[in-house]
Amino acid sequence: METKTLFWLQSGGCSGDSMSILNMDEPDLFTQFKHMGIEVLWHPSLSCLSPMEQDQLIEKILSGEQKLDYFCLEGNVALGPNNSGMFDTYRGEPKKDLIAQLAAKAEYILAIGTCATFGGMGSHANDEMQGVGLQFHHNEKGGFLGKNFRSASDFPIINLSGCPIHPKALELTLNLLIRGLPLELDDLNRPKVYYGISVHNGCTRNVSHEFKLEDTKLGEDGCLFFNIGCKGPTTRASCNKYLWNEQSSKTRAGVPCFGCTRPDFPMPEPFYVTEKIAGTPIELPEGIDRAAYLAYKDMAAAAAPDYLRKAHHEKTQND
Ligand code: SF4
């Protein structure tokens, strides 16, 4: 397999995505890159180039002397304050300029994490950071590079959202690209291979959701949707298909899904609360008719099997 080069830049973010991919397992990140034939030109947590060597590397990429196959950006593009870009700099210059220059050279560009994809932290109204995603600002196309931008391989920015990114999202995407296999994207330019299902798919609490056996406080074993703020049904990601650290997921551990792959993350409402109107959640699973859904839920609650209802009742009483 031909060697491919990868350059990873951090911008307005917390390095959480780098921490997450370092947890890649079976195989680990280094073995994975080796199997895929990826040469990491630079990654802030993996490389030990001096600042001068790093500058030289960047110059070579920008001059075309060094080929760049995959440009990964972690963190949003900081336009603030007052559109100066000076909240995030590289060698005294706005880092956004370097991002634009590198983007112009790369065969494929991967936005790593929700900040790089949709803006994430520091991207909401009145935030002086003025963070934007590479090709989206929340769910609006455009972002930093503009909606018509294409990389050298005639591809839009590949959005790998998540706070942080799930290592599997990166692994599956790179594997398809490297093997020249089709990479299908959703309406937010995310690979369907990872973002094609919701967090609700595969959740071990699905049977409770089905019969509306709802938790009212943390530590119970029912569904977390109606009271505890779970956004699993409205969040596209494979967290309950590819488990975190090959072990678990938020909902399996009894924590609601916070919707971290969604373009509106982080949402203004508190994490552990389901916002309701007239006693029912404002936000229902995608594409559902509200009246039909609520009627069906009430009927399902009445039809809940005795063993499930009893087990849920005992759990809630004992806690
Ligand atoms: S806890 Fe969340 S993801 Fe799990 S079944 Fe309930 S709504 Fe779906």
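Residues numbered from 1 in each chain as written. Predicted model: local features only at pLDDT ≥ 70, side-chain atom pairs only at ≥ 80, totals over all residues.

A. Expanded view of the site of the ligand. Surveying the vicinity of the ligand reveals 14 residues, the closest of which are Cys-203, Cys-223, Phe-225, Cys-230 and Gly-232. Looking at the shell around the ligand residue by residue, the class counts come to eight nonpolar, five polar and one charged. (Near = placed C-beta within 6 Å. Nonpolar A, V, L, I, M, F, W, Y, C, P; charged D, E, K, R; others polar.)

B. Here's a closer look at unusual backbone geometry. At the junction of Cys-163 and Pro-164, the peptide bond is cis and its omega measures out at 5° in the coordinates. Locating Pro-164 in the fold gives a position in the loop between β11 (158-160) and α6 (167-178). Of the consecutive residues Phe-265 and Pro-266, the connecting peptide bond is found in the cis state with omega at -5°. With respect to the helices, strands and loops of the structure, Pro-266 is situated in the loop between α8 (206-210) and β12 (276-277). The phi dihedral of Ser-15 falls on the positive side, at around 75°, and the residue is not glycine. Note on placement: Ser-15 falls in the loop between β1 (4-10) and α1 (16-22). One non-glycine residue, His-138, lies in the positive phi region at around 55°. (Helix = DSSP H or I, 4+ residues; strand = E, 2+ residues; numbered from the N terminus.)

C. Spotlight on the domain arrangement of the protein. For the protein, the domain assignment lists domain 1 (4-193) and domain 2 (206-318). Placing the centre of domain 1 and that of domain 2 at their C-alpha centroids yields a distance of 32 Å. Each partner contributes residues to the interface: domain 1 has 16 residues there, and domain 2 has 13 residues. The class makeup of the residues in the side of domain 1 that touches domain 2 is five nonpolar, eight polar and three charged. (Domains from an automatic or database assignment. Contact = placed C-beta atoms within 7 Å.)

D. A look at the sheet that holds β11. Pairing is parallel across the open sheet formed by five strands, whose spatial order is β2-β1-β3-β7-β11. On the outer flanks of this sheet lie β2 (38-42) and β11, each paired with one strand and no other. Neighbouring strand axes in the sheet, compared pairwise and without regard to direction, differ in orientation by 25° on average. The sheet contact formed by strand β3 (residues 70-74) and strand β7 (residues 108-112) spans five bridges and is parallel. Within β7, the residue paired with Cys-72 across the bridge is Leu-110. (Pairing = 2+ DSSP bridges. Axes fitted to C-alpha atoms, helices over the stretch in contact; angles between N-to-C directions.)

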